[in-house]
Amino acid sequence: MTFKRIMGRAILLALLVYVLWAGWQVVRFKRYESPIPAPAEASAGPVPTEIEGAYHMHSRFSDGLGTVDRIARAAAGAGLDFIILTDHGKPNFAALDAQGRKEGVLVLAGSEISSNRGHLVALGFDRPDDAFSFSSDAETAAREISDRGGFSVVAHPYSKVRWSWGGNFDYSGLEIIDADSMIKGHIVRSLPYYPLLLIKPTFALLKMIVPPEQALVKWDKLLARGPANGYFSSDAHLFYRAIFPVFHLHVLLERPLDPDFAAARRRIFEALKGGRFYSAVDGAAAARGFRIRLEAGSLRVSAPFSFAHETVIIHDGKVIRRTRENELTLPLTAPGAYRAEVYLRERTPLDPRAPWIISNPVYFERENR
Ligand SMILES: [Zn+2]
Ligand SMILES: [Zn+2]
């Protein structure tokens, strides 16, 4: 046999092994859904309305490939209640003017501002007049956003355009996971999964999620100084239909949304600003029903899921409790910031060190008792 023929056969064999391996992985993939209904919340007053959406995406109004209509159709296909466009601009007026109800989905828009510290997402602000432009200085921009009734989120602090920390944290939150840098940023790790983006995109994307250790450590440091909310960011520029089922924000409202678009928009942004939401990798398992709250001096966490999962409680950056139970009541004595992470413990493409759910912080002070 010639060298050429041997090489040819070796490549064919490698290809065959890859196809068998990939096929096996895809066939075994299962997204978990729980038959257990949302928690009864007997002692927690009214059951909040839970809606789901995707945050951080780009349309043709900046560097995305999709029109807003196409993006809204993809969101409707993924069963989302809302999406938040974040086209680049100071602000991006075209995206702001495209807000409304499309395909049954609430299409909201903020703007991703390029600042001296990195990318800052401005949300919930009143549309300025066309002559206005947000400052390139991050602190000034944050002030201008809040002067207009809005709030800001630090985008992808440890990937793409990294955030340069310093000064006070004048923003309402930060992105903990960012899908775009995950897909593009770890090429060697992701290489075997790229072809699977075309066959089983949810599986491929789940495989590409890198545990966000650095962002979580930073978040805990920020929480010692004051509230900051954590976001899972879709950062979609294309592949909207693939990305939307994977990362969700679960927003908790005291009552269902108003039919009036402007009122619904205001309530979603208010809930985000107030941290009344949690982020989840819904592509791995449906996270609907998770709750965390303070009640009579105890931290109460509900993770009412029928598949194996582990809830981890973090107090001022330290893990203080792990449980595989669905309900946890933890009497508190030490003041400070408490938050929860939930990890999937079933067979899943999600890295076991990557959180499936992250809650926002709740602050306990002795007076809460
Ligand atoms: Zn960005
Ligand atoms: Zn972006």
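Residues numbered from 1 in each chain as written. Chains lettered and ligands numbered in written order. Predicted model: local features only at pLDDT ≥ 70, side-chain atom pairs only at ≥ 80, totals over all residues. Heavy atoms only, no water.

A. Seen up close, unusual backbone geometry. A cis amide bond links K90 to the next residue, P91, at an omega of 5°. When you line up the elements, P91 lands in the loop between β2 (82-85) and α3 (93-97). One non-glycine residue, H156, adopts positive backbone phi at about 25°. Looking at the secondary structure, you find H156 in the loop between β7 (151-154) and β8 (173-178). On the basis of relative accessible area, H156 is assigned to the buried category, the value being 1%. For D235, which is not glycine, the phi dihedral falls at a positive 35°. Position of D235 among the secondary structure elements: in the loop between β9 (229-233) and α9 (240-243). (Helix = DSSP H or I, 4+ residues; strand = E, 2+ residues; numbered from the N terminus. Buried < 20%, exposed > 50% of the residue type's maximum accessible area, 1.4 Å probe, protein only.)

B. Main features of the domain arrangement of the chain. When its domains are assigned, the chain resolves into domain 1 (46-283) and domain 2 (290-369). At the junction of the two partners, domain 1 supplies 28 residues and domain 2 supplies 20 residues. Of the roughly 2000 Å² buried where domain 1 meets domain 2, counting both sides, 60% is carbon and sulfur surface. Of all residues in domain 1, D220, L223 and Y278 give up the largest surface area on contact with domain 2, accounting jointly for 24% of the area buried on that side. Taken together, the connections running from domain 1 to domain 2 amount to four salt bridges. Here domain 1 is connected to domain 2 by 10 residue pairs in polar contact (both at pLDDT 80 or more). Listing elements by their share of the side of domain 1 that touches domain 2, those giving two or more residues are α7 (201-208), α8 (213-223), β9 and β11 (277-281). Here the residues of the side of domain 1 that touches domain 2 are counted per class, giving 18 nonpolar, five polar and five charged. (Domains from an automatic or database assignment. Contact = heavy atoms within 4.5 Å. Buried area = accessible area lost by both parts, 1.4 Å probe. Salt bridge = Lys/Arg side-chain N within 4 Å of Asp/Glu carboxyl O. Polar contact = N/O pair within 3.5 Å; in protein donor to acceptor, adjacent residues only side chain to side chain. Nonpolar A, V, L, I, M, F, W, Y, C, P; charged D, E, K, R; others polar.)

C. View of the coordination of the zinc ion (ligand 1). Here the zinc ion (ligand 1) is held by E112 (OE), H119 (ND1) and H156 (NE2), and the distances to it run 1.9 to 2.2 Å. In the primary structure, the donors to the zinc ion (ligand 1) are separated according to the pattern E-x6-H-x36-H. A separation of 3.5 Å is found between the zinc ion (ligand 1) and the zinc ion (ligand 2), both of which receive a donor from E112. One end of the pair, E112, is in strand β5 (residues 111-114); the other, H156, is in the loop between β7 and β8, and 44 residues separate them in sequence. Assigned by exposure class, E112 and H156 land together as buried. (Donors = N, O, S within 2.8 Å, 3.2 Å for Na, K, Ca; no water.)

D. Up close: the packing of aromatic side chains. Following the criterion strictly, the structure yields 20 aromatic pairs and no others. Between Y158 and W165, the aromatic rings sit 6.1 Å apart at their centres with planes inclined by 40°, giving tilted as the arrangement. Measuring from centroid to centroid gives 5.5 Å for F307 and W356, while their planes differ by 65°, and the two rings are edge-to-face. Placement of the pair is F307 in the loop between β13 (298-302) and β14 (309-315) and W356 in the loop between β17 (336-344) and β18 (357-358), with a sequence separation of 49 residues. The burial state of F307 is the same as that of W356; both residues are buried. Taken together, the aromatic side chains of Y18, W21, F29, Y193 and F203 make up a single cluster linked through ring pairs. Directly above the aromatic system of F132 lies the positively charged group of R148, at a separation of 3.9 Å from the ring centroid. The residue whose ring lies beneath K218 is W165, and the NZ or CZ to ring-centre distance is 4.5 Å. (Phe/Tyr/Trp six-rings, centres within 6.5 Å; stacked < 30°, edge-to-face > 60°. Lys NZ or Arg CZ within 6 Å of the ring centre and 35° of its normal.)

E. Main features of the side chain of S359. Within the secondary structure, S359 is located in the loop between β18 and β19 (362-364). Polar contacts involving the side chain of S359 include one to the main-chain amide nitrogen of A340, which spans 2.9 Å. Ignoring anything within four residues of it in the chain, the contact list for S359 reads W219, Y278, F290, I292, R339 and A340.

F. The arrangement of the coordination of the zinc ion (ligand 2) in detail. Distances from the zinc ion (ligand 2) to its protein donors, namely H56 (NE2), H58 (NE2), E112 (OE) and D235 (OD), fall within the range 2.0 to 2.8 Å. We note that the donor set of the zinc ion (ligand 2) lies within a single chain, spaced as H-x1-H-x53-E-x122-D. Relative accessible area serves as the criterion here: at 2%, E112 is assigned to the buried category.

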